[in-house]
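Letter by letter, the chains look like this.
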Amino acid sequence: MKAAELLGAGSSKSKGVGTRVAEYAETGPYHCADCIHLKKGFKDANGKGRCDEPHMKRDPQVRHDQGLAIVNIEHGCCRFVKPPKKTE
Ligand code: SF4
């Protein structure tokens, strides 16, 4: 399966951007690096990160590794992005 298929790019069944379940895409403008669901301090041999967000973990259009979603740290994002709370 090609990366574009995994991401749901161009799918006529998609109602939003990206994959159907989590709307994961790698087109910005936000990115996983700024999300609390990204496994901090981890990057695999391909430079990818891991995400523990529940929708991403069960999204069949996203690749997984040991139950966690494989994500593009710099360009990936989904509708469940959650930035860390700001401390004032
Ligand atoms: S933006 Fe979405 S895909 Fe990326 S780490 Fe956060 S929850 Fe996971």
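All figures in this text were calculated on a predicted structure; none of them were measured in a lab. (Residues numbered from 1 in each chain as written. Predicted model: local features only at pLDDT ≥ 70, side-chain atom pairs only at ≥ 80, totals over all residues.)

J.: If you had to explain the environment of Gly-49 to someone new, which residues and values would you point to?
T.: Its location among the elements puts Gly-49 in strand 1 (residues 49-51). A count of 23 C-beta atoms within 10 Å places Gly-49 in the buried class. Apart from residues lying up to four places away in sequence, Gly-49 is in contact with Cys-32, Leu-38, Lys-39, Phe-42, Lys-43, Val-71 and Ile-73. (Helix = DSSP H or I, 4+ residues; strand = E, 2+ residues; numbered from the N terminus. Buried ≥ 20, exposed ≤ 12 C-beta atoms within 10 Å, placed from the backbone. Contact = placed C-beta atoms within 7 Å.)

J.: Give a description of the sheet that holds strand 2 (residues 64-65) that names residues and reports values.
T.: Pairing in this open sheet of three strands is antiparallel, and the strands run 1-3-2 from one edge to the other. Edge positions in the sheet fall to strand 1 and strand 2, since each has one partner strand and no second. Examined bridge by bridge, strand 2 and strand 3 (residues 68-71) share two bridges and lie antiparallel to one another. The residue bridging Asp-65 from the neighbouring strand is Leu-68, located in strand 3. (Pairing = 2+ DSSP bridges.)

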